[in-house]
Structure formats: C-alpha cells, structure tokens
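Close look at the chain arrangement
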Amino acid sequence: MSKDLGVGVISLGWMGRLHTRGYKQVAERYPELDVRLRLVSAADPVQRNLDDATRSLGFERATADYRELLADPEVDVVSICGPNYLHQEMALAAVQAGKPFWIEKPMGVSAAQSKEITQAAEAAGLVTASGFNYRHTPAVEHARDLIRGGRLGRITNVRCWLIADYASSPQGPLTWRYSKELAGSGVFGDLLSHGFDLAQYLVGRIASVSAMSGTFIPERPKALEQGIGHAAVAVTQETYPVENEDYGAVLARFDSGVLGTFETSRVAVGPRAEYVIEVYGTQGSVRWNYEYMNHLDVLIAADNAHHHGYTRVMADATHGDFGRFQPGPGQGMSFDDQKTIEAKLFLESVLTGEQLAPSAADAWAAAECDEAAVASAADGAWHDVPTVPGRTTYDR
Ligand SMILES: NC(=O)c1ccc[n+]([C@@H]2O[C@H](COP(=O)([O-])OP(=O)(O)OC[C@H]3O[C@@H](n4cnc5c(N)ncnc54)[C@H](O)[C@@H]3O)[C@@H](O)[C@H]2O)c1
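Residues numbered from 1 in each chain as written. Predicted model: local features only at pLDDT ≥ 70, side-chain atom pairs only at ≥ 80, totals over all residues. Heavy atoms only, no water.

Take the domain arrangement of the protein next. Per the domain assignment, the segments of the protein are domain 1 (3–133) and domain 2 (137–384). Computed over C-alpha atoms, the centres of domain 1 and domain 2 are 23 Å apart. Counting from both sides, the interface comprises 50 residues of domain 1 and, opposite them, 49 residues of domain 2. For the domain 1 and domain 2 pair, buried surface summed over both sides reaches about 4,400 Å², with 68% attributable to carbon and sulfur atoms. (Domains from an automatic or database assignment. Contact = heavy atoms within 4.5 Å. Buried area = accessible area lost by both parts, 1.4 Å probe.)

If you want it as structure tokens, here you go:
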C-alpha cells in the first residue's frame, strides 16, 4: 500500500481534535514508518468546528456532511469520533466506501451494534482501530510484560476503578451522554469499557459479571449549544431525566479463574480522573493510576524478601514506546501521547494489513462486558459475557 495516505476525521469534538493531533505526531515520533500523511478533510455539522478545521487544525477542506468526506477519493483512512448513536451508520458507511477506520469507544450504543460494525469491517477485509488508549501507556505495557513474564506468579485477582468528577455538578448539561438512545449505557460504556479492556489486556477474557448501578443526579438542564467533551455550556432553566447510570460496581470472573472487582462513577466529588488497575499474583502485584500515568508501583516478592512495600517505577525508554516521546527517564507523557501511539498502530495496521491496533472486535468484546453488567444490574443475576469471535488483540 502507498505510504502517502489522505486522512479524514469525522466529528471535531474532543476526540476528533485528539485524533487529529495524533496523526500530526506520527511521522515525527515514528520516522521508520515512513508514512506521509495529508489531513485532507474533516466533517462536522457545527460551523465553528468547520472553521477551526481549515483555519487552525490543518485540514485542506471541511464539510458538514460526513458522507461527502467518505466519498472523497483523496481520503484513504478515516477517524470516527461522533457521539455513540452515530457510530453504526458512520462505520457501515466507511466500510461501504472501503476505508479503514479508527473509531472511538464505546462503539455504538449496544453490543449488537458493535457486533454489526466489527463483522462488516472484517467481511470487507478492513483493518480497524478502537480508542482504548490507556493500554498504550508505557507503565501499563511494563505491567503487562511483568504479568506475561510470570514475575507476579499465578494471577489471582484484579481491582479496577474508574472514578471521575466530570458530571458531578447537577448543572452539568444533559448532553447525548445521558440518553439511552444516543449513548446506550452511561458510565459503564463511557468509562468502565476502558477498565474492562485494560483488565482483559492484562490478564485475559472476562467470563461473567454481577453488577449494581445507580443514578445519583436524576435530572439535569439541557445544553443550549454543542460543547466539546465535558465542557460547561449554557443550559436551560428546566431539568430533564438522566436515563442511564452514573455509578456502577461489578464483580467479575475471568476465563482463567482470576477474580475481579470494578467500580466506576462519573459523579464523584473529589477524584478527577482516577483510573486505577491493580493486578495481584501469588508472587507480587502491580498498581497503576492514570492520574500518575508514568508511574507503576511494583512489588515482586523474589526481589524484595523483606516486603518493604511497593517500589515506584518511573517510566523510561525501556518501557513501551516511552523513548519515542522523551529521551530522558521520568519525564511526563500525556493523554495526547497515548493517542499518538494509537494513531501509529492504526496506520501501521493499514500499511501492513496486520491488525496491530486495538480493534473493532476489542470494542465489541468490551461492549459485551458493559451489556452483561447493565443486564445484571437490572435483574440481580450473574450474566455470562458472550465470547467474541472477531479479530481481538487484547489476548495477543
Ligand atoms: N478514548 C477516550 O478516552 C474517549 C474520551 C472521550 C470521548 N470518547 C468517545 O469519543 C466519542 C466522541 O466523544 P467526544 O467527547 O469527542 O464528544 P463531543 O461531544 O466533544 O463531540 C462530538 C462531535 O460530534 C459532532 N457531530 C454531531 N453530529 C454529527 C454528524 N451528523 N456528523 C459529524 N459529526 C457530528 C458534534 O458536532 C461534535 O463536534 C464518543 O464515542 C465518546 O465515548 C473517548
């Protein structure tokens, strides 16, 4: 495949702008990929975003109609960064146009939509990428190496929580995220899908779940304008119902017999983006917190006979792709850098035909976990998580 690729980005909200920055960084961070990118087209119905596309983001053209972008012969690869309810139609249209896509999570509003998107892309022989950026953190890759290398012994259990405050104000606008029709589940799909993916990436497939959930801010004012991500915007005086969960707690059993606990909230007052995963084994454990994303706390009993507690490993060039971003140990990496790694994996998948990036099938696998958790929270029973037969990468 030609290494001259034209990029199209559908939707220029928070994620569309982050994907755009990711693409821009790839050639500099990964020169050996020898990819030459052109930001050809962006699509968004909001005029301000169209203006930004050509004025400051670097796109050659912009359109309000994403189908026009997909029909553009100069667009070779596509990012799909719209609200969840548009993912299915956008992804199926990208498949129809024969364009590989990098899509955000949760993919669609249900596991059924995730399945349809995955199967359409795979039937068309297209590589994909999905937005599970936390996997790419060098400290997380180091944790995976330790786990896979047997340094923690036999893995016994996982603790994971994704606790955020982005919706903690009752004045926070009722955007698409709070609607079952437009978002699907609430914080399960929005945040916990990352936790399910991380846990599966580190220790393998989740087999069954039991969950409870709650909606702690049952009504919110409506947004009067389209903002970016969770940004505050002008709101109505009246309030309207929130339709999906603000909080959830999940017990999980993995195929391997590993046990897990998960907790997630979008309305916590205190933690900002406290995304933590801890993996325990018979010979040690690791603990990672996104708020300190370049640290990994490690205790390996064999290296620490007196059990003096965790050693804080600060990421350096021996961990994951850290060296692509900073030549010196202990420097900071960021959310943007995670997305640059994801952009590189997507483009490398396109160039080689090998599925290297987290795939649509991985997003489907996480969606099956989300949906089983939602079902369990509704009926109180344990729910099996169906196996996904697609090209998952978490288990490589
Ligand atoms: N990977 C992550 O960590 C992460 C973080 C935030 C959001 N997300 C996901 O990214 C997706 C987008 O979230 P966001 O925070 O960027 O949302 P956002 O609300 O900031 O942006 C959504 C954009 O979609 C545009 N849009 C609406 N209708 C459209 C249409 N018909 N055609 C084209 N564009 C249209 C809006 O104008 C807006 O610019 C969601 O699936 C979300 O769950 C992932």
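Here the narrative resumes.
What follows deals with empty space enclosed by the protein. Rolled over the atoms, a probe as big as a water molecule pinpoints where empty space is left. Per the counting criterion, the structure on display carries two cavities of 30 Å³ or more. Taken as a whole, the largest cavity spans an internal volume of roughly 40 Å³. Looking at the lining of the largest cavity residue by residue, the classes come out as five nonpolar, two polar and two charged. If you add up the space inside the second largest cavity, you get close to 30 Å³. Considering the residues around the second largest cavity, the lining is formed by K105, P106, M107, F132, S193, A363, A366, A367 and D370. Looking at the lining of the second largest cavity, the element that brings in the most residues is helix 11 (residues 360–379), giving four residues. In terms of residue class, the lining of the second largest cavity is made up of six nonpolar, one polar and two charged. Two domains each donate at least three residues to the lining of the second largest cavity, and these are domain 1 (3–133) and domain 2 (137–384). (1 Å grid on protein atoms, 1.4 Å probe; cavity = no way out; pocket = protein on both sides within 12 Å on 5 of 7 lines; lining within 4 Å. Points joined across faces, edges and corners; volume = space filled by probe spheres on them. Nonpolar A, V, L, I, M, F, W, Y, C, P; charged D, E, K, R; others polar. Helix = DSSP H or I, 4+ residues; strand = E, 2+ residues; numbered from the N terminus.)

Residues K105 and P106 are joined by a peptide bond in cis, for which omega reads -10°. Within the fold, P106 resides in the loop between strand 5 (101–103) and helix 5 (111–123). In the Ramachandran plot, S11 falls in the positive-phi region, its phi being about 85° despite a non-glycine side chain. Within the secondary structure layout, S11 lies in the loop between strand 1 (4–10) and helix 1 (14–29). The phi angle at D34 is positive, at roughly 55°, despite the residue not being glycine. Its location among the elements puts D34 in the loop between helix 1 and strand 2 (36–43). Accessibility expressed as a relative area gives 41% for D34, which makes it partly exposed. (Buried < 20%, exposed > 50% of the residue type's maximum accessible area, 1.4 Å probe, protein only.)

Moving on to the site of the ligand. Neighbouring the ligand are 31 residues; S11, D44, N84, R177 and G229 lie closest to it. Between the ligand and G13, the relevant distance is 3.3 Å, taken from an oxygen atom to a main-chain nitrogen or oxygen of the residue. Take N49: an N or O atom from its side chain is 3.2 Å from an oxygen atom of the ligand. Considered on its own, the ligand offers 850 Å² of accessible surface; in the complex 93% of this is hidden by protein. In terms of residue count, the dominant contributor to the shell around the ligand is helix 4 (residues 84–96) (four residues). The two domains that each donate at least three residues to the shell around the ligand are domain 1 (3–133) and domain 2 (137–384). (Near = heavy atom within 4 Å. Polar contact = N/O pair within 3.5 Å; in protein donor to acceptor, adjacent residues only side chain to side chain. Areas by Shrake-Rupley, 256 points an atom, 1.4 Å probe, with all protein chains shown as cover.)

Contact geometry for helix 4 and helix 5: axes closest at 9 Å, N-to-C directions at 10°. Put simply, helix 4 runs roughly parallel to helix 5. Seen from helix 4, the contacting residues are H87, Q88, A91, L92 and V95; seen from helix 5, they are Q113, E116, I117, A120 and A121. A per-class count over the contact of helix 4 with helix 5 returns six nonpolar, three polar and one charged. (Axes fitted to C-alpha atoms, helices over the stretch in contact; angles between N-to-C directions. Parallel < 35°, antiparallel > 145°, perpendicular 65-115°, else oblique.)

Summarising the element assignment, Y280 is placed in strand 13 (residues 273–281). Residues Y280 and I147, spaced 133 residues apart in sequence, show a C-alpha to C-alpha distance of 9.4 Å. Setting aside anything within four residues of it in sequence, one finds Y280 in contact with R154, I155, T156, N157, R159, S285, R287 and Y310. A distance of 2.7 Å separates polar atoms of two side chains, one belonging to Y280 and the other to E278.

All right, on to the side chain of S193 then. Topologically, S193 is positioned in helix 8 (residues 187–203). In this structure S193 comes out as buried when scored by relative accessible area, which is 1%. A distance of 2.5 Å separates a polar side-chain atom of S193 from the backbone oxygen of G189. Contact partners of S193, with chain neighbours within four places excluded, come to K105, F132, F188, A366 and D370.

Two elements in contact, helix 1 and helix 10 (residues 335–352), have axes whose closest approach is 7 Å; the angle formed by their N-to-C orientations is 70°. Taken together, the axis directions place helix 1 and helix 10 in an arrangement best described as roughly perpendicular. Handedness of the helix 1/helix 10 crossing: right-handed. Side by side, helix 1 and helix 10 meet where W14, M15, L18, H19, R21, G22, Y23, Q25, V26 and R29 of the first sit next to F335, D336, K339, T340, A343, K344, F346 and L347 of the second. Classifying every residue of the contact of helix 1 with helix 10 gives nine nonpolar, four polar and five charged. (Left-handed = near helix turned anticlockwise from the far one by under 90°.)

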